[in-house]
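# Descriptive structure summary
Residues per chain are reported as follows:
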Amino acid sequence: MIGMGENMKCVRFAKQPNYIEDFIDLPKKLYSRETNMEDADTMEDLLRGEHPLSSYFQLDKFLVYAKGTAVGRFAITTYPGDDTAYFGFFECVKNRKIAKFLFGQAENFCRQKGYKRMLGPVDASFWLKYRLKINRFDAAPYTGEPYNKPYYYRLFLDNGFRVKEHYTSNDYRAIDESYVNEKYEARYREFIGRSYRIKSPKPEDFDKILDAVYDMITELYSDFPVYKQVSREDFREIFGNYKMIMDMSMTKIAYCQGKPVGFYISVPDYGNSVYHLAPWNLPMLFYRKNHPTRYVMLYMGVKKEHQGLGKAIVYSVMKELMQNGRPSIGALARDGKVTQNYAAEDITNVYEYVLLEKEL
């Protein structure tokens, strides 16, 4: 126990089973079955220090209790040589007094440890989950979306955090073979005419493509605010299960002189079912893979020396969408990135997310 308020206490714990259970159970009480986006197995691995990424950081875990009931949780992630403390795994009942106590406990801990700022929400790692959703709570969460309670944004602001980064996801309308986008088609033809190749990988090439994407991501995403390098082996372990859920026709790799120079990774929108895998929902998962209602465009990157290639890759994805007639979501583009405004005339809705900071 590290702090006590009126009928409240904050407990810092290690691997005690009762606290791990309370930590994992809290989202089940706050969210509906359809909106709970937490993978309990992954969460337990992290809490026990048994996740592939656990060796990269120190994870300090906390629970807030009121009258003996868990009403809030958070964890502070720290990295060697980094004076920022990453505040994440945040969940809290809708109570400003409890939230103030929780945030105060987090701040006191970080100050005592000598950290200069808190950044969040960051659930341990860039490779897991970060950012706070701030609008469109009327829509069901999509696969890969950082989802949270609508009142969390106000709790962060009320407790001294300010917005550091802003991100958007775009809903794109369905298109068919009558669709015309002369600008993107011209860019596609330009690059194909310059002997670039843009193609979907075969399932048997998944491991090789994963290595190529790792090389490009580590180069292209290194300037992101919470990015931390991981080894190729750990990247493979984290993303290896994507093979089961990916529709390869909607994933593209661009090549120049035989070398991969750009990528676009999409998955069918499974909602939250991929986070709650069980024998009873596997048939639905496989059905959704083959009969998607829409696609989620998760990751995209183009090496800097191939300027303009991004639109060509996007058009190759558009060509697939023309054939299958499905809508899509362009997920989590950071403000200022060109991907945020791709095919702007086809956007029907915009989701917003923020990353927040508090100086200590």
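Please read all numbers here as calculations on a predicted model, not as lab measurements. (Residues numbered from 1 in each chain as written. Predicted model: local features only at pLDDT ≥ 70, side-chain atom pairs only at ≥ 80, totals over all residues. Heavy atoms only, no water.)

It is worth spelling out the overall build of the chain at this point. A count of helical and extended segments in the chain gives 10 helices and 16 strands. The buried share among the 360 residues of the chain stands at 56%. Look at the contacts in the chain between residues 6 or more apart in sequence, and 76% of them connect residues 24 or more apart. Summed over its atoms, the accessible surface of the chain is roughly 16,500 Å², and 47% of this surface lies on carbon and sulfur atoms. (Helix = DSSP H or I, 4+ residues; strand = E, 2+ residues; numbered from the N terminus. Buried < 20%, exposed > 50% of the residue type's maximum accessible area, 1.4 Å probe, protein only. Contact = heavy atoms within 4.5 Å. Areas by Shrake-Rupley, 256 points an atom, 1.4 Å probe, with all protein chains shown as cover.)

For Val-296, the position within the fold is in strand E14 (residues 295–302). Not counting residues within four places of it along the chain, the set of residues in contact with Val-296 comprises Tyr-142, Thr-143, Ile-265, Ser-266, Val-267, Asp-269, Ile-329 and Ala-331.

A few words on the pairing of strand E4 (residues 69–78). For E4, the tally of buried residues reaches 9 of 10 residues, placing the bulk of the element in the interior. Judged from the 9 bridges that link them, strand E3 (residues 58–66) and E4 form a sheet pairing that is antiparallel. Opposite Val-64, over in E4, you have Gly-72 as the bridge partner. The loop that links E3 with its antiparallel partner E4 comprises 2 residues; one of these, Lys-67, has a positive phi angle of about 55°. (Pairing = 2+ DSSP bridges.)

Before going further, it helps to spend a moment on the state of the cysteines. Applying the stated criterion across every chain, the model contains 0 disulfides. Distance from the sulfur of Cys-92, which forms no disulfide, to the nearest cysteine sulfur (Cys-10) is 11 Å. (Disulfide = S-S within 2.5 Å.)

Let us now look at the nonpolar core. Counting 99 residues, the largest nonpolar core has Ile-76, Phe-87, Phe-90, Trp-127, Phe-235 and Phe-263 as its most contacted members. What Phe-235 contacts, discounting residues up to four positions off in sequence, is Trp-127, Leu-210, Val-213, Tyr-214, Ile-217, Val-230 and Gly-240. In this structure, Ile-198, Cys-256, Met-297 and Ile-313 belong to the second largest nonpolar core, which totals 27 residues. (Core = buried A, V, L, I, M, F, W, Y, C linked by side-chain atoms within 4.5 Å.)

Quick look at the environment of Thr-293 now. Mapped onto the elements of the fold, Thr-293 is located in the loop between helix H9 (282–290) and E14. Sequence separation between Thr-293 and Ser-328 is 35 residues; the distance between their C-alpha atoms is 8.8 Å. Excluding anything up to four places from it in sequence, Thr-293 contacts Arg-288, Arg-326 and Pro-327.

On to the packing of aromatic side chains. This structure, assessed with the given rule, holds 39 aromatic pairs. Arranged with centres 5.2 Å apart and planes meeting at 25°, the rings of Phe-87 and Phe-103 form a pair that is stacked. One end of the pair, Phe-87, is in strand E5 (residues 84–92); the other, Phe-103, is in helix H3 (residues 96–112), with 16 residues separating them in the sequence. Under the relative-accessibility criterion, Phe-87 is labelled buried at 0%. Connected via pairs of aromatic rings, a cluster forms that spans Phe-126, Trp-127, Tyr-130, Tyr-167, Tyr-214, Tyr-221, Phe-224, Tyr-227, Phe-235, Phe-239, Tyr-242 and Tyr-299. Its guanidinium or amino end placed over the ring of Tyr-255, Lys-199 lies 5.6 Å from that ring's centre, counting from NZ or CZ. Sitting above the plane of the Tyr-79 ring, Lys-228 keeps its charged end 4.9 Å from the centroid. (Phe/Tyr/Trp six-rings, centres within 6.5 Å; stacked < 30°, edge-to-face > 60°. Lys NZ or Arg CZ within 6 Å of the ring centre and 35° of its normal.)

What follows concerns the environment of Cys-10. If you trace the backbone, Cys-10 turns up in strand E2 (residues 8–13). Residue classification places Cys-10 among the buried residues on the basis of a relative accessible area of 0%. A sequence separation of 313 residues divides Cys-10 from Gln-323, and the C-alpha atoms of the two residues are 55 Å apart.

With that settled, the discussion passes to the packing of helix H5 (residues 182–193) against helix H10 (residues 309–324). At their nearest, the axes of H5 and H10 sit 8 Å apart, and the two run at 110° to each other. Our classification of the angle between H5 and H10 gives roughly perpendicular. Facing H5, whose interface residues are Lys-183, Tyr-184, Glu-185, Arg-187, Tyr-188 and Phe-191, H10 presents Leu-309, Lys-311, Ala-312, Val-314, Tyr-315, Ser-316, Met-318 and Lys-319. Classifying every residue of the contact of H5 with H10 by side-chain character gives 8 nonpolar, 1 polar and 5 charged. (Axes fitted to C-alpha atoms, helices over the stretch in contact; angles between N-to-C directions. Parallel < 35°, antiparallel > 145°, perpendicular 65-115°, else oblique. Nonpolar A, V, L, I, M, F, W, Y, C, P; charged D, E, K, R; others polar.)

The grouping of Arg-197, Lys-199, Lys-202 and Lys-208 at the surface amounts to a positive patch. Structurally, Lys-199 is set in strand E11 (residues 196–199). Residue classification places Lys-199 among the partly exposed positions, given a relative accessible area of 39%. (Patch = residues over 30% accessible without salt bridge, like charges linked within 9 Å, V, L, I, M, F, W, Y side chains within 5 Å. Salt bridge = Lys/Arg side-chain N within 4 Å of Asp/Glu carboxyl O. Lys, Arg positive; Asp, Glu negative; His and termini not counted. Charge placed at Lys NZ, Arg CZ, Asp CG, Glu CD.)

Turning to the pattern of salt bridges, a few remarks are in order. Oppositely charged side chains are able to pair whenever their charged atoms sit close together. Evaluation of the coordinates by the stated rule reveals 31 salt bridges. The shortest N-O distance in the salt bridge between Arg-117 and Asp-83 comes to 2.8 Å. Placement of the pair is Arg-117 in strand E6 (residues 117–120) and Asp-83 in the loop between E4 and E5, with a sequence separation of 34 residues. On the accessibility criterion, Asp-83 (29% relative accessible area) is partly exposed. The salt bridge partner of Glu-190 is Arg-187, with a shortest N-O separation of 3.4 Å. Residue Glu-190 and its partner Arg-187 are located together in helix H5, separated by 3 residues, close to a single helical turn.

Note on placement: Asn-159 falls in the loop between helix H4 (152–158) and strand E10 (162–172). Here Asn-159 is in contact with Ala-99, Lys-100, Phe-103 and Lys-358, once residues within four sequence places are set aside.

So, on to unusual backbone geometry. In this chain, Gly-120 is followed by Pro-121 through a cis amide linkage whose omega measures -5°. Assignment of secondary structure puts Pro-121 in the loop between E6 and strand E7 (122–123). Phi angles above zero are rare outside glycine, and Leu-332 is one such case at about 60°. Its place among the elements puts Leu-332 in strand E15 (residues 328–334). Judged by relative accessible area, which is 15%, Leu-332 ranks as buried. One non-glycine residue, Ala-343, adopts positive backbone phi at about 50°. Inspection of the secondary structure assignment puts Ala-343 in the loop between E15 and strand E16 (347–359). A residue is classified by how much of its surface remains accessible, and Ala-343, at 5% relative accessible area, is buried.

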